[in-house]
Amino acid sequence: MTYPSDIAFTPTVKSIQAREGSRRAYARMEEEHSWRTSVTPDIEAFIAQQTSVFLATANREMQPYIQHRGGPAGFLKTLDEATIGFADFSGNRQYVTIGNLADNPRACLFLIDYSRRRRVKIWGTARVVEDDAELISRLAPKDYSARVERAILFSVLALDVNCPSHIPQRFEAADVAAALAERDARIAALEAQLHELRANANPSAIIPI
């Protein structure tokens, strides 16, 4: 019997799991619930929040390569339960990912949310689309100045949500700035209330701070 996790758990991997003592637990996982093979609503919401993603490809000689892709939240779009797409912005002129996909469509997406310490790994295949203006327009983020050169479509074969072990907790600068602004506004409001109470109070009843 085959399982979605076989895309990563090759016979060699399984033999090492058996040697190291984890194979029984993974075999039970395969039989009971295994990995997902489509984008569920919770994963779609997770994808929509991402401003950063790592895309792994390999060339004809199977040499791996990992490239970072980023954009505003929502730049990574779930088009249907088996397809994720994003716009390829101009800037990087090496074209290693584009060349790799021309020779080998196998790819992997690695998404990580540092603030919630959660990561999602998605295995599948990817292809470059350069002659579909409607698709490219659909994937281009609104009010984002980067020029879009092409689209990349990722077909989902399997995905796994990992544990938070060893993920450092970090926060987006914009989220931190918003939280500090909210705190400062609250402090200002409380200081204004205190000033008003002092102004209206009997001077003899005011307790010095």
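The shown structure was predicted, so the numbers you read here are calculated from the model rather than taken from an experiment.

Chemist: Mind showing me how you'd approach the side chain of Asp113 here?
Modeler: By the element assignment, Asp113 lies in strand E5 (residues 106-113). For Asp113, a relative accessible area of 8% corresponds to the buried category. The contacts of Asp113, once residues within four sequence positions are left out, are Phe46, Gln49, Gln50 and Arg118.

Chemist: Can you help me understand the pattern of salt bridges in this one?
Modeler: A complete count under the given rule lists 13 salt bridges for this structure. Two residues, Arg150 and Asp88, come together in a salt bridge whose shortest N-O distance is 2.6 Å. Highlighted residues: Arg150 in strand E7 (residues 148-162) and Asp88 in strand E4 (residues 83-89), separated in sequence by 62 residues. One salt bridge in this structure joins Arg183 and Asp184, with 2.8 Å as the shortest N-O distance. Under the relative-accessibility criterion, Arg183 is labelled partly exposed at 44%. Through salt bridges with shared partners, a single network forms among Arg69, Asp88, Arg93, Glu130, Arg147, Glu149 and Arg150.

Chemist: Looking at this structure, I do not really get the sheet that holds strand E2 (residues 64-70). What am I missing?
Modeler: Strand pairs in the sheet, formed through backbone hydrogen bonds, run parallel or antiparallel to each other. Reading across from one edge, E2-E1-E5-E6-E7-E4-E3 is the order of the 7 strands in this open sheet, with antiparallel pairing throughout. The strands lining the two open edges of the sheet, one partner per strand, are E2 and strand E3 (77-80). Put simply, the sheet's adjacent strands are angled 35° from each other on average, direction ignored. With 7 bridges connecting them, strand E1 (residues 52-58) and E2 associate as antiparallel partners. Its bridge partner being in E2, Ala58 is matched across the sheet by Pro64. Contacts between helix H3 (residues 41-49) and the sheet are confined to E3, E4, E5, strand E6 (118-129) and E7, with E6 contributing the most and set at about 75° to the helix.

Chemist: Could you clarify how one ought to interpret the side chain of Arg69 in this entry?
Modeler: Secondary-structure assignment places Arg69 in strand E2. Residue classification places Arg69 among the buried residues on the basis of a relative accessible area of 10%. A distance of 2.7 Å separates the side chain of Arg69 from the side chain of Gln67, its partner in a polar contact. Not counting residues within four places of it along the chain, the set of residues in contact with Arg69 comprises Thr51, Ser52, Val53, Phe75, Phe86, Asp88, Thr97 and Ile152.

Chemist: Teacher, can you tell me more about the nonpolar core here?
Modeler: Soluble globular proteins: nonpolar side chains tend toward being buried together. Counting residues in each nonpolar core, the largest one holds 22 residues, and the members touching the most others are Ile47, Leu76, Ile84, Leu109, Leu111, Ile122 and Phe154. Of all elements in the fold, only H3, E1, E4, helix H4 (96-103), E5, E6 and E7 reach the threshold of two or more residues within this core. Every residue in contact with Ile122, bar those within four places of it in the chain, is listed here: Ile47, Ile84, Ala107, Cys108, Leu109, Leu111, Phe154, Val156, Ala158 and Leu159. Core analysis: the second largest hydrophobic core is formed by 8 residues, Ala87, Val129, Ala151 and Leu153 among them.

Chemist: For this particular structure, what's the right way to read H4?
Modeler: What sets the pattern is the α-helix's 3.6 residues per turn: residues three or four places apart point alike. Where H4 is concerned, the buried positions are Thr97, Ile98, Asn100 and Leu101. Down the axis of H4, the buried set is contained in an arc of 165°. They therefore lie on one face.

Conventions we followed
Residues numbered from 1 in each chain as written. Predicted model: local features only at pLDDT ≥ 70, side-chain atom pairs only at ≥ 80, totals over all residues. Heavy atoms only, no water. Helix = DSSP H or I, 4+ residues; strand = E, 2+ residues; numbered from the N terminus. Buried < 20%, exposed > 50% of the residue type's maximum accessible area, 1.4 Å probe, protein only. Contact = heavy atoms within 4.5 Å. Salt bridge = Lys/Arg side-chain N within 4 Å of Asp/Glu carboxyl O. Pairing = 2+ DSSP bridges. Axes fitted to C-alpha atoms, helices over the stretch in contact; angles between N-to-C directions. Polar contact = N/O pair within 3.5 Å; in protein donor to acceptor, adjacent residues only side chain to side chain. Core = buried A, V, L, I, M, F, W, Y, C linked by side-chain atoms within 4.5 Å. Arc of directions from axis to C-beta.

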